[in-house]
Amino acid sequence: MRVLWLCNIMLPFIAKSLGQKIVVKEGWLSGLVNKLILNQKRNNITLAICFPASDDLNMIKTDQSLFVKDKADGVDYYIFREDTVHPENYDAGMEKSLGAVLDDFKPDVLHIFGTEFPHTLACVKAFHNPQRTLIGIQGLCSAIADVYMADLPMAAQKKKTVRDLLKRDGLFEQQAKFKKRGEYEKEALSLVGHVTGRTDFDREMTKKLAPQATYHFMNETLRNEFYTNTWNIDKIEHYSLFLSQGNYPIKGLHYVLDVLPEIIEEYENTMVYVAGDVITANGSLRDKIRLSGYGKYLLYQIKKNKLEEHVKFVGRLHSDRMCARFLKTHVFLCPSAIENSPNSVGEAMLLGVPVVSADVGGVHNLLTNKKDGLLYPKDKPKRLKDAILQIFEDDKLAMYFSANARAHAMQTHDPDTNYNRLLEIYNEINNCV
């Protein structure tokens, strides 16, 4: 069986072969691809991977054909051009490029990971074979657009910095871009025969956006480091909080900054660590020019409440450093306004890090409230503080959550179970056409 993956990023094993910088996103794909590559001969699967790149990649600069093809770890990969900086713009030329990839590889199954970029719609149109097309739902742009502002004050929503004006990319423009991407997403989902998901949220969204499609349940396999390390309360930085990202409003960092002063009143050594893009950087003139409206609002919160010594942005972390940061953490936070099944929560649970999360989307399918961690109502962000303090105050409770979360996540993210389920789905699609 010939299976073509369409991914949003250059996977790490390909980036390594090219000497390119590894993208710290969608890390769970590495766990799945490693399993597939290792066993593809035994399971009679020939895998190929295609992904977009912008014109600044040297391979793209020097080759003006519809796609660039090469091989890494015995797997063919295809690179096509896409303006990934402006995913709100649909380029019909991608249909020709992806059509050429499809003609070259001739897949029995086309597996598309995510609906967030217009290349999903372009590939669905180019393949024009819904019964052999499978889309895995990750996030959903149309749902994100609905809650993009995440309760920010209107003044913060309207605020525009120099960067926002120059790029025409204030918060309202960002929300509009997600709405536009959501239109491409809806069209793509309406044209496919198969969808994978793993939560009540994405199942309901599939019924709404892709009623013609067969829904296949499949959990995700996460990065290797998170299966082999275990959180130990004797080795943590007590009263430390960690967020895997906070670079735009729906990730909810501003909710944390709102309640942080009250937490510090109880525990003066409280520290918040934030991974991902450092959107509050303002140390140089260049930083100040690049500061976004949301970044400026976060800075306002930090300065107003004198939190400078309690908030640290640690930047983008590769899996080993991410794992190390988790293991030092007292409580992992997911204060998002919307999520499907956040892999950061899965990774925290695999390690046994106590988790506090907003009860949004499909998070409750990953974490059982009051057994594996604590969920709080999304419309009551002040309850976030109470949940954090509950764990800070009770080491036995933290260890109880840790043990339960790890056991639960080991089942949810079991590599063998999830790999075998993927093979079942591929065979169901291939044999039923």
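First, a word on what this report is: a plain description of the structure on this page. Nothing here was measured: the structure is a model prediction, and the numbers come from that model. Starting from 1, residues in each chain are numbered consecutively following that chain's sequence as written. With the structure being a predicted model, the display of local features is reserved for residues of pLDDT at least 70 and the display and counting of side-chain atom pairs for 80 or more, all residues being used for whole-chain, interface and lining totals. To obtain the side-chain values, all non-hydrogen atoms of the structure were included, while hydrogens and water were left out.

### Concerning the sheet that holds strand 8 (residues 214-217)
A sheet is described by the order of its strands in space; here eight strands give the open sequence 3-4-2-1-5-6-7-8, paired in mixed fashion. Looking at the sheet topology across the chains shown, the edges are occupied by strand 3 (68-72) and strand 8. Direction aside, neighbouring strands of the sheet carry axes that sit 25° apart on average. The pairing of strand 7 (residues 194-197) with strand 8 spans four bridges and is classified as parallel. Residue His194 lies in a different strand from strand 8, and its bridge partner there is Thr214. Contacts are assigned to residue pairs that have any heavy atoms within 4.5 Å of one another. Angles here are taken between N-to-C directions and fall from 0 to 180 degrees, while the axes themselves are lines fitted to C-alpha atoms, restricted in helices to the stretch in contact. Secondary structure elements are defined from DSSP: runs of H or I of at least 4 residues count as helices, runs of E of at least 2 residues count as strands, and each element is numbered from the N terminus. Strands strand 7 and strand 8 of the sheet are contacted by helix 10 (residues 200-209), whose axis makes an angle of about 170° with strand 8. In this fold helix 20 (residues 415-431) packs onto strand 1 (2-6), strand 5 (109-113), strand 6 (133-136), strand 7 and strand 8, with an angle of close to 160° to the strand it touches most, strand 8. Being paired, for any two strands, means DSSP has found at least two bridges between them.

### Things to note about unusual backbone geometry
Although it is not a glycine, Asp73 sits at a positive phi angle of roughly 50°. One can find Asp73 in the loop between strand 3 and strand 4 (75-81). Since its relative accessible area comes to 57%, Asp73 is described here as exposed. Residues other than glycine seldom take positive phi values, yet Asp151 does so here, at roughly 65°. You can see Asp151 is positioned in the loop between helix 6 (141-146) and helix 7 (154-158). Given a relative accessible area of 60%, Asp151 falls into the exposed group. Each residue is placed in one exposure class: buried if its accessible area under a 1.4 Å probe, protein chains only, is under 20% of its type's maximum, exposed if it is over 50%, and partly exposed if it falls in between.

### Details of the pairing of strand 11 (residues 311-315)
Judged by which residues are buried, strand 11 turns out to be one-sided: Val311, Phe313 and Gly315 face inward and are buried, whereas Lys312 and Val314, on the alternate face, are not. Across four bridges, the pairing between strand 10 (residues 271-275) and strand 11 is parallel. By the bridge assignment for strand 11, Val272 is matched with Val311.

### Thoughts on the packing of helix 15 (residues 319-327) against helix 16 (residues 343-351)
Packing of helix 15 against helix 16 brings their axes to within 10 Å, and their N-to-C directions diverge by 60°. Helix-helix and strand crossings are classified by hand; for helix 15 and helix 16 the assignment is right-handed. Contact residues: helix 15 offers Cys323, Phe326 and Leu327, while helix 16 offers Ser344, Glu347, Ala348 and Leu351. Here is the rule for handedness: rotate from the far helix to the near one, and if that takes an anticlockwise turn smaller than a right angle the crossing is left-handed, while a clockwise turn gives right-handed.

### Some remarks on the packing of helix 12 (residues 253-266) against helix 18 (residues 383-392)
Where helix 12 meets helix 18, the axes come as close as 9 Å, and the angle between the chain directions of the two elements is 40°. Between helix 12 and helix 18, the angle is such that the two are oblique. The hand of the helix 12/helix 18 crossing is right-handed. Contacts between helix 12 and helix 18 pair Tyr255, Val256, Val259, Glu262, Ile263 and Glu266 from the former with Leu384, Lys385, Ile388, Leu389 and Phe392 from the latter. Residue polarity follows a fixed list, in which Ala, Val, Leu, Ile, Met, Phe, Trp, Tyr, Cys and Pro are nonpolar, Asp, Glu, Lys and Arg are charged, and the others, Gly among them, are polar. Classifying every residue of the contact of helix 12 with helix 18 gives eight nonpolar, no polar and three charged. In what follows, roughly perpendicular refers to angles from 65 to 115 degrees, roughly parallel to angles under 35, roughly antiparallel to angles over 145, and oblique to any angle outside these ranges.

### Description of the sheet that holds strand 13 (residues 355-358)
Pairing within the open sheet is parallel, and its six strands lie in the order 11-10-9-12-13-14. Here the strands that pair on one side only, and so sit at the sheet edges, are strand 11 and strand 14 (374-376). The sheet shows a mean angle of 25° between the axes of neighbouring strands, direction not considered. Sheet topology note: the strand 9 (residues 240-243)/strand 12 (residues 331-334) ladder contains two bridges and is parallel. Pairing of Phe242 across the sheet is with Phe332, part of strand 12.

### Considering the environment of Ala337
Counting through the fold element by element, Ala337 comes out in the loop between strand 12 and helix 16. Among the residues examined, Ala337 registers a relative accessible area of 14% and is labelled buried. Between the C-alpha atom of Ala337 and that of Thr206, which follows or precedes it by 131 residues, the distance is 20 Å. Excluding its chain neighbours within four sequence positions, the residues that come into contact with Ala337 are Val147, Ala150, Ile250 and Val360.

### Remarks on the packing of aromatic side chains
Only Phe, Tyr and Trp rings take part, Trp by its six-membered ring, and two of them pair if their centres are within 6.5 Å. Stacked means planes under 30 degrees apart, edge-to-face means over 60, and tilted covers everything else. This model, assessed by the stated rule, comprises 16 aromatic pairs. Residues Phe178 and Tyr248 carry aromatic rings whose centres are separated by 6.1 Å and whose planes lie at 10° to one another, so their mutual orientation is stacked. Of the two residues, Phe178 is situated in helix 9 (residues 171-189) and Tyr248 in the loop between strand 9 and helix 12; the sequence distance between them amounts to 70 residues. These aromatic residues form a ring-pair network of at least three members: Phe226, Phe242, Phe326 and Phe332. For a lysine, the NZ atom is tested; for an arginine, the CZ atom; a charge sits over a ring if that atom is within 6 Å of the ring centre and within 35 degrees of the ring normal. For the cation-ring pair, Arg181 lies above Phe117, with the distance from its terminal atom to the ring centre recorded as 5.2 Å. One cation-aromatic arrangement involves Arg181 over Phe178; the distance from NZ or CZ to the ring centre is 5.0 Å.

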